[in-house]
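The residues making up each chain are set out below.
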Amino acid sequence: MNSLSARRRVLLAALCATALLTGCSAQAETPREKTAGAQRAGLPRASNELQSDYEKVIKDVLPSVVQITAGDSLGSGIVWDDKGHVVTNAHVVGEEKSFTVTTATGEQELRAALVSSFPQQDLAVIKLDNPPKGLKAAAFGDSGKAAVGQIVLAMGSPLGLSSSVTQGIVSATGRTVTEGRSGGGTGATIANMVQTSAAINPGNSGGALVDLDGKVIGIPTLAATDPGLGGGDSAAAGIGFAIPAATVRSIAGQIVKDGKVTNAGRAALGITGRTVLGRGLEPAGVAVVSVREGGPADEAGLRAGDILTRLGDQDLTTIDSLTALLAAERPGERVELTYTRNGDEKTARVTLGEM
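Fair warning: this is a prediction, and the values are worked out from it, not measured in the lab.

Here we take up unusual backbone geometry. The phi angle at aspartate 122 is positive, at roughly 50°, despite the residue not being glycine. Residue position: aspartate 122 is located in the loop between strand 5 (109-118) and strand 6 (123-128). Here leucine 159, not a glycine, exhibits a phi torsion of approximately 55°, which is positive. With respect to the helices and strands, the residue leucine 159 is situated in the loop between strand 7 (151-156) and strand 8 (164-178). Accessibility expressed as a relative area gives 63% for leucine 159, which makes it exposed.

This next bit is on the pattern of salt bridges. Applying the stated criterion to the full structure yields four salt bridges. One salt bridge connects lysine 257 with aspartate 258, and the closest N-O pair in it is separated by 3.4 Å. Lysine 257 gets classed as exposed once you look at its relative accessible area, which sits at 68%. Here aspartate 258 falls in the partly exposed class, since its relative accessible area comes to 37%. Here aspartate 306 ties to arginine 341 by a salt bridge, and the two come within 2.8 Å at their closest N and O atoms. Here the residue aspartate 306 occupies a position in the loop between helix 6 (296-299) and strand 16 (307-311), and arginine 341 occupies one in strand 18 (residues 334-341), the gap between them amounting to 35 residues. Classification of arginine 341 as buried rests on a relative accessible area of 13%.

Right, let's get into the nonpolar core. Among the nonpolar cores identified, the biggest contains 34 residues, and Ile78, Val87, Met155 and Val248 are the most heavily contacted of them. Those elements giving two or more residues to this core turn out to be helix 3 (43-61), strand 6, strand 7, strand 9 (189-196), strand 10 (208-211), strand 11 (216-226), strand 12 (234-244) and helix 5 (245-258). A per-element tally of this core places helix 5 first, with five residues. With sequence-adjacent residues up to four places away left out, isoleucine 78 is seen in contact with Ser64, His85, Val86, Val87, Ala138, Phe140, Gly206, Gly207, Ala208, Val216 and Ile219. Core analysis: the second largest hydrophobic core is formed by 17 residues, Ala297, Leu316, Leu337 and Leu352 among them.

About the cut-offs
Residues numbered from 1 in each chain as written. Predicted model: local features only at pLDDT ≥ 70, side-chain atom pairs only at ≥ 80, totals over all residues. Heavy atoms only, no water. Helix = DSSP H or I, 4+ residues; strand = E, 2+ residues; numbered from the N terminus. Buried < 20%, exposed > 50% of the residue type's maximum accessible area, 1.4 Å probe, protein only. Salt bridge = Lys/Arg side-chain N within 4 Å of Asp/Glu carboxyl O. Core = buried A, V, L, I, M, F, W, Y, C linked by side-chain atoms within 4.5 Å. Contact = heavy atoms within 4.5 Å.

It is worth stressing that arrangement in space is one thing and function is another; only the former is reported here.
Here's what the structure looks like:
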């Protein structure tokens, strides 16, 4: 989504034109003259307008971002509607069924109960027992229009500091990321995540990644880690990931409407499997442990004991690699699966089912 308003685009175009004309002058300007020229050209005004945009977005959206206490853990959430539904991460709610919610004003603690959790996409919905008057729902934008370089704000409760805001840009889109299970993660593989440079810390999970139009384009969910930093799972600064708004709307919308997810929109083979090792003890494929009767793999003739080695033109070495590849596919798509049975390599055309 274009983060510049028409007013800012006109202003920036005017500034660029002024800079070009100044640069063509025959006599070089001193730094003081350049500064004075920039002030006359309106650079402070542009800066002030951008600051005003930040302040307006924060004023509009922050009241819709709440802090969630689930047992001993702390996270964030986004108000979904005025009926008290709040969307957050599944790893924020964990195994808890009841929660304490604090709004941005912090005036009172509210009680909430779990509606449903969907760990496969790391999303959950809780509902306030007694929604306060004037509860403001957030507006969700079109995450498909998120552009690299777009300015975004992350809102939540990092490290328990409620109603905190950090700023950055969209660093990349379309990332497929697998969460770890340590620290309460669900181990979910999530497609089309929005990568951002906005600081994401523990407690930000479940909060809002917002564009300068005041629209939520994602839910900050995890920060990248590098075990080589400090000898442990240290955060890699400036690399965070948010579940795209399109996924949030689909999953949360179903939970609010039906009390559960009825259509995950995720492709599946209809098997359980495990990673197998080769002769050099390196990951060498996915062994089929069981096949769901009537599922895609069953209809394609696969059976327990087969070892899956390729999906399309991509190698399968681990169960995680299979999950990541399936996350990028859609139910109903037809793919070629390569596998071995009793040492013989075979292929099968499989019409993918739904998770």
